[in-house]
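Each chain, letter by letter, is given below.
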Amino acid sequence: MTPKNPDQYRVFGNPIEHSRSPFIHHAFAKQTNQNIDYQKKLIALDDFSNAVTAFIKQEGRGANITVPFKEQALALADELSERARLAGAVNTLTFKNGKVFGDNTDGEGLVQDLIRNKVSLNKSKILLLGAGGAAKGVLLPLLAQNPDSITVANRTQSKAELLCQHFADSRVTASSFLDVADKQFDLIINATSASLSGGLPAISETVINNTVTCYDMVYGNDETPFLKWAKNQGAAKIIDGLGMLVGQAAVSFSIWRGVSPETLPVIDELRASFENE
Ligand code: NDP
């Protein structure tokens, strides 16, 4: 019997060379016995919608979308999940029955990783640093975990204020970096891109104590500047964003394939691959 051709998936972005998504999805497929092929695809900045249409014609089943196309993916979808609509961005497209479904799995990936790391979210006080796409995408899934409050602090305070207005939930309030200095939190999530350029969000060390957990969405072989700083100030626990990366992929995979893969073995494999680079 001829083996069936694998179902086709892609990750579209620009740049895309660094993407670990093909590795992650092939590992999930192996683990769950799914016949898929998942490739990264560099898309010219003005060619996103043509690229998606061409892939649908080639019987593509789904695609992950990364920088800078998440908003264009939102506009292109025929139907959106509530979390994608509120995030204003789509990272997962599914092509089914002639329609394009858009979802955003980043926030669910973060929540699953926090739970996996035994971070308690119920009634917690959360400080969310940043007000870009990533911060926006995680707010609804975080709120679903019943926190006491989420304070959104951003370098450009007006952007944090806009984000909070958009969510219109009394538990979500905006702040400047300066004004969080005299407050206490259970969890601080760095959703800024400061770590990518070796920088730190300019917040006071007074927010760090020996009960707070600090999470950086950025990941890599070395501890990020934010996590290094938090550890030096005595934070109880530090976690990087590798588990979020694998978690968001796992949610996309389960949308496409109807089966939820185990994330931990894939996180471990990726971590080991960083160490060998
Ligand atoms: P955006 O470009 O949309 O937003 C960037 C945010 O970072 C803004 O709030 C910006 O503040 C802030 N910022 C940038 N530099 C500094 C600095 N030096 N000090 C303080 N604040 C700063 O990016 P995204 O929201 O899409 O992504 C944010 C980070 O999250 C990225 O590093 C990305 O790699 C990571 N990420 C990780 C994921 C994972 O799976 N682990 C998934 C998604 C994102 P301002 O408004 O003032 O400019």
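Note: the structure precedes this text.
Residues numbered from 1 in each chain as written. Predicted model: local features only at pLDDT ≥ 70, side-chain atom pairs only at ≥ 80, totals over all residues. Heavy atoms only, no water.

Caption draft 1: Broad picture of the sheet that holds strand β4 (residues 79-80). Spatial strand order, β2-β1-β3-β5-β6-β4: 6 strands in an open sheet with mixed pairing. Each having just a single partner strand, β2 (36-42) and β4 make up the two edges of the open sheet. Inspection of the sheet shows strand β1 (residues 7-13) paired to β2 by 7 bridges, in the parallel sense. Across the sheet, the residue bridging to Gly13 is Leu42, located in β2. Where helix α2 (residues 48-57) meets the sheet, it contacts β1, β3 (62-65), β5 (92-96) and β6 (99-103), and its direction lies at approximately 175 degrees from that of β1. Along the sheet face, helix α9 (residues 242-257) touches β1, β2, β3, β5 and β6 and points at about 5 degrees away from the line of β5. (Pairing = 2+ DSSP bridges. Helix = DSSP H or I, 4+ residues; strand = E, 2+ residues; numbered from the N terminus. Contact = heavy atoms within 4.5 Å. Axes fitted to C-alpha atoms, helices over the stretch in contact; angles between N-to-C directions.)

Caption draft 2: Broad picture of helix α8 (residues 225-232). Phe226, Leu227, Trp229 and Ala230 are the residues of α8 that are buried. Buried residues along α8 cover an arc of 160 degrees about the axis, so they all sit on one side. Residues of α8 that are buried sit in contact with β7 (125-129), β10 (187-190), β11 (213-216) and β12 (237-240). Positive phi shows up at Gly234, right after α8, with a value of about 95 degrees. (Buried < 20%, exposed > 50% of the residue type's maximum accessible area, 1.4 Å probe, protein only. Arc of directions from axis to C-beta.)

Caption draft 3: Looking closely at α9. The terminal C-alpha atoms of α9 lie 22 Å apart, and with 16 residues this matches the ideal 22 Å at 1.5 Å per residue to within 8%. The buried count for α9 comes to 14 of 16 residues, which makes it a mostly enclosed element. Once α9 finishes, Gly258 follows within two positions and takes phi at roughly 70 degrees, a positive value. (Expected span 1.5 Å × (residues − 1).)

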